[in-house]
Amino acid sequence: MINAKIPKFKSLVPLKETEINHLLWPPKFSSLPSVLQHYINSDTPIHGQKIHSYILKTGYKPNTNICIKLIILHLKSSCLFYARQMFDEMRQPTLSAYNYMISGYVKHGFVLESFDMVRKLCLSGETPDAYTLSMILKGSTSSYAELYSPCIGKQVHARIFKCIVEDDDVLYTALVDSYVKSGRVDYARRVFDLMLERDVVCSTSLITGYMNQCYIEDAEDVFSRTTEKDVVVFNAMIEGYSKQVENAKKAIEVYIDMQRLGFRPNISTFASIIGACSALAAFENGQQVQGQLMKTELIEHVKIGSALIDMYSKCGLVEDARRVFNYMPEKNVFSWTSMIDGYGKNGYPNEALELFSVMQIDHLIVPNYVTFLSALSACAHSGLIAKGREIFESMERDYSMKPRMEHYACMVDILGRSGSLNQALEFVINMTERPDSDVWAALLSSCRLHGDVELANLAANELFKLSSGSRPGAYVALSNALADAGRWDGVSELREIMKIRGISKGTGFSWVGSDSSLKAFLGQQI
């Protein structure tokens, strides 16, 4: 099975006379290994392909050592076709030859080919070693092999126990990483606990896995047990904490601790801590981080600028966000999207749409899916139906971007908020794909806003068919619509259905910040 096209050339790349090192040319057959090694170690290994041409022209039959060096040379030159051709010409490929080919395929993104090479290795009678297995695991965690990742990790794990494979930290770290990326942190922890020496790379991988699944205490446990820490493991903790508002304050604490211990924050550290400030709406802390950044070159990095724009926007400081935006020496689509989204969410829809237009017309920046979502949201808040429809249609017309469900839901919200409920329903009915729960939820919310009980009931029923237990807010919205219309019998019936199905709306709360802490004030549970 081929997952990408391997480049194939009619002949080896011809070289100019000036590209040839005359001290090494023409090579003697006895010196071929050293000459090949010279090109392998050089910055321009592709120049060494002349040697392969020389071998073919003279009819010389290279030994195993020279064959392997030619394979390495072609792999370093990104010429996988010639590397495989050389491999196939070997009478009896060695384990080293297999490993170089497997590694080359993985590094260049031809993961499925690397798996085929492993099967070929096993059929040849050779036994995979720790390096072979670690490369398989590395390949299984790439985006090209997402469907295979869970099963491959288990197969390699079983192979380790069945074969006589010496303890290898690199292999076990790769196994932990494979389990983490396939979502099986429980298996990853079992491997981690069996390791005699756990390095910081392995600890960081497991911490990231725990944080992604919100197992905060487990991540803290691994972090505390990591004796030799580095900036990356601190970054894993800061990033993990910053994803949840209730833990974001801990991100700031870890950020301070790492600097007290002498670790210097890098761009990932700053991006994550700014994200924590965004979650906490703690613009004072964000300003301090910005002040620290201004003493470094990182302040000019587009990733940092985009993060600061997002932070100030979420804190309601749109002018500060725009100031950062204006002074950015380089802007990408994420920078523009952050600023457009910031304007839209803070009640400046006209400024958001103007920036959306300037981005495309004056700067020729191609919007992404999130940019379109931000622009459509701005239209919803300002009641611009025609503009919203024009932006929605331009996605596929001008950029060949097929709208996603969230764009359809936003379009329904635009029509519904303005009171055009029949148009919103017609839009949903005429969708080319089956509407998901977000689309029906947008229609239900609009019906609740404008008091259309019958249409609210229709939208709610469709929503319940798709997610009867995962959208308690839909039950509450329908209940409120019935209550506003004075249909208390319907309210009582709906509340009874909620009790029977075990559905309850989570307790609402508000975060209020003080000088010393962030506290949550709970509302009444429905």
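Before reading on, note that the structure itself is shown above.
Bear in mind the structure is a predicted one, so any value in this text is a computation, not a measurement.

Cut-offs applied
- Residues numbered from 1 in each chain as written.
- Predicted model: local features only at pLDDT ≥ 70, side-chain atom pairs only at ≥ 80, totals over all residues.
- Heavy atoms only, no water.
- Helix = DSSP H or I, 4+ residues; strand = E, 2+ residues; numbered from the N terminus.
- Buried < 20%, exposed > 50% of the residue type's maximum accessible area, 1.4 Å probe, protein only.
- Contact = heavy atoms within 4.5 Å.
- Areas by Shrake-Rupley, 256 points an atom, 1.4 Å probe, with all protein chains shown as cover.
- Core = buried A, V, L, I, M, F, W, Y, C linked by side-chain atoms within 4.5 Å.
- Salt bridge = Lys/Arg side-chain N within 4 Å of Asp/Glu carboxyl O.
- Expected span 1.5 Å × (residues − 1).
- Polar contact = N/O pair within 3.5 Å; in protein donor to acceptor, adjacent residues only side chain to side chain.
- Axes fitted to C-alpha atoms, helices over the stretch in contact; angles between N-to-C directions.
- Parallel < 35°, antiparallel > 145°, perpendicular 65-115°, else oblique.
- Nonpolar A, V, L, I, M, F, W, Y, C, P; charged D, E, K, R; others polar.
- Phe/Tyr/Trp six-rings, centres within 6.5 Å; stacked < 30°, edge-to-face > 60°.
- Lys NZ or Arg CZ within 6 Å of the ring centre and 35° of its normal.

S.K.: Summarise the overall build of the chain; cite the residues concerned and give the values.
M.R.: A tally of helices and strands in the chain yields 28 helices and 2 strands. In the chain, buried positions account for 46% of the 526 residues. A separation of at least 24 residues holds for 59% of the contacts in the chain among residues at least 6 apart in sequence. Total accessible area on the chain is roughly 27800 Å²; 51% of this is exposed by carbon and sulfur atoms.

S.K.: Hey, could you go over the nonpolar core for me, with residue numbers and the actual values?
M.R.: In this structure, Ile 71, Val 176, Ile 207, Ile 273, Ile 274 and Leu 443 are the most contacted members of the largest nonpolar core, which totals 144 residues. Non-local contacts of Ile 207, meaning those with residues more than four positions away in its chain, are made with Ala 219, Val 222, Phe 223, Val 233, Ala 236 and Met 237.

S.K.: Quick one: what's the story with the pattern of salt bridges, residue by residue and with numbers?
M.R.: Going through the model one piece at a time under the given rule, you end up with 17 salt bridges. In this structure, the salt-bridge partner of Asp 257 is Arg 260, at a minimum N-O distance of 3.8 Å. Note that Asp 257 and Arg 260 are positioned in helix α14 (residues 248-260) at a spacing of 3 residues, about one turn of the helix. Linked by salt bridges that have partners in common, Arg 189, Asp 193, Asp 221 and Arg 225 make up one network.

S.K.: How would you explain helix α13 (residues 231-242) if you had to name every residue and give the values?
M.R.: Spacing of three or four residues puts side chains on the same side of an α-helix, whose turn is 3.6 residues. The end-to-end C-alpha distance of α13, which contains 12 residues, comes to 16 Å, matching closely the 16 Å that a straight helix rising 1.5 Å per residue would cover. Most of α13 is tucked away: 10 of the 12 residues are buried. Among the residues of α13, Val 231, Val 233, Phe 234, Asn 235, Ala 236, Met 237, Ile 238, Gly 240, Tyr 241 and Ser 242 are the ones counted as buried. Buried positions along α13 lie against α11 (200-212), α12 (216-225), α14 and α15 (267-280). Measuring from the backbone nitrogen of Val 232 back to the side-chain oxygen at the start of α13 gives 3.2 Å, which picks out Asp 230 as the cap.

S.K.: Describe the environment of Leu 75, with residues and values.
M.R.: Note that Leu 75 resides in helix α3 (residues 64-76). In this structure Leu 75 comes out as buried when scored by relative accessible area, which is 10%. Separated by 30 residues in sequence, Leu 75 and Tyr 105 place their C-alpha atoms 8.7 Å apart. Not counting the four nearest positions on each side in its chain, Leu 75 is found in contact with Leu 80, Ala 83, Tyr 100, Met 101, Gly 104 and His 108.

S.K.: Could you give an account of the environment of Glu 284, naming the residues involved and the relevant values?
M.R.: Mapped onto the fold, Glu 284 is located in helix α16 (residues 283-293). Sequence spacing of Glu 284 and Cys 315 is 31 residues, and the spatial spacing of their C-alpha atoms is 9.9 Å.

S.K.: A description of α15 should follow, citing residues and the corresponding values.
M.R.: For α15, spanning 14 residues, the distance from its first C-alpha to its last is 20 Å, which sits close to the expected 20 Å at 1.5 Å a residue. Among the 14 residues that make up α15, 10 are buried, leaving the element largely enclosed by the rest of the structure. Thr 269, Phe 270, Ala 271, Ser 272, Ile 273, Ile 274, Ala 276, Cys 277, Ser 278 and Leu 280 are the residues of α15 that are buried. N-cap assignment for α15: the residue whose side-chain oxygen lies 3.1 Å from the backbone N of Ser 268 is Asn 266.

S.K.: Could you give an account of the packing of helix α21 (residues 369-382) against helix α23 (residues 405-417), with specific residues and numbers?
M.R.: At a minimum axis separation of 8 Å, α21 and α23 run at an interaxial angle of 10°. Taken together, the axes of α21 and α23 lie roughly parallel to each other. For the pair α21 and α23, contact is made by Tyr 369, Phe 372, Leu 373, Leu 376, Ser 377, Cys 379, Ala 380 and His 381 and by Glu 406, His 407, Cys 410, Asp 413, Ile 414 and Arg 417, respectively. Of the residues that constitute the contact of α21 with α23, the class distribution is 8 nonpolar, 3 polar and 3 charged.

S.K.: Quick one: what's the story with the packing of aromatic side chains, residue by residue and with numbers?
M.R.: For the structure shown, the criterion picks out 14 aromatic pairs. Note on Phe 234 and Phe 263: the rings are 5.1 Å apart at their centroids and 45° apart in plane angle, and the pair reads as tilted. One end of the pair, Phe 234, is in helix α13; the other, Phe 263, is in the loop between α14 and α15, and 29 residues separate them in sequence. Residue classification places Phe 263 among the partly exposed residues on the basis of a relative accessible area of 22%. Relative to Phe 372, the ring of Phe 356 lies with its centre 5.7 Å away and its plane at 70°, an arrangement referred to as edge-to-face. Placement of Phe 356 in helix α20 (residues 349-361) and of Phe 372 in helix α21 is noted, with a sequence separation of 16 residues between them. What links up through ring pairs into an aromatic cluster is the set Phe 223, Phe 234 and Phe 263. Its guanidinium or amino end placed over the ring of Tyr 369, Arg 404 lies 3.6 Å from that ring's centre, counting from NZ or CZ.

S.K.: Can you explain the packing of α3 against helix α5 (residues 95-107)? Please cite residues and give values.
M.R.: α5 packs onto α3 with a crossing angle of 5° between their chain directions and a minimal axis gap of 10 Å. Judged by the inter-axis angle, α3 sits roughly parallel to α5. Packed against α3, whose contacting residues are Ile 68, Ile 71, Ile 72 and Leu 75, the element α5 presents Ser 96, Ala 97, Tyr 100, Met 101 and Gly 104 at the interface. A class-by-class count of the residues in the contact of α3 with α5 yields 7 nonpolar, 2 polar and no charged.

Keep in mind these values describe shape, not function.
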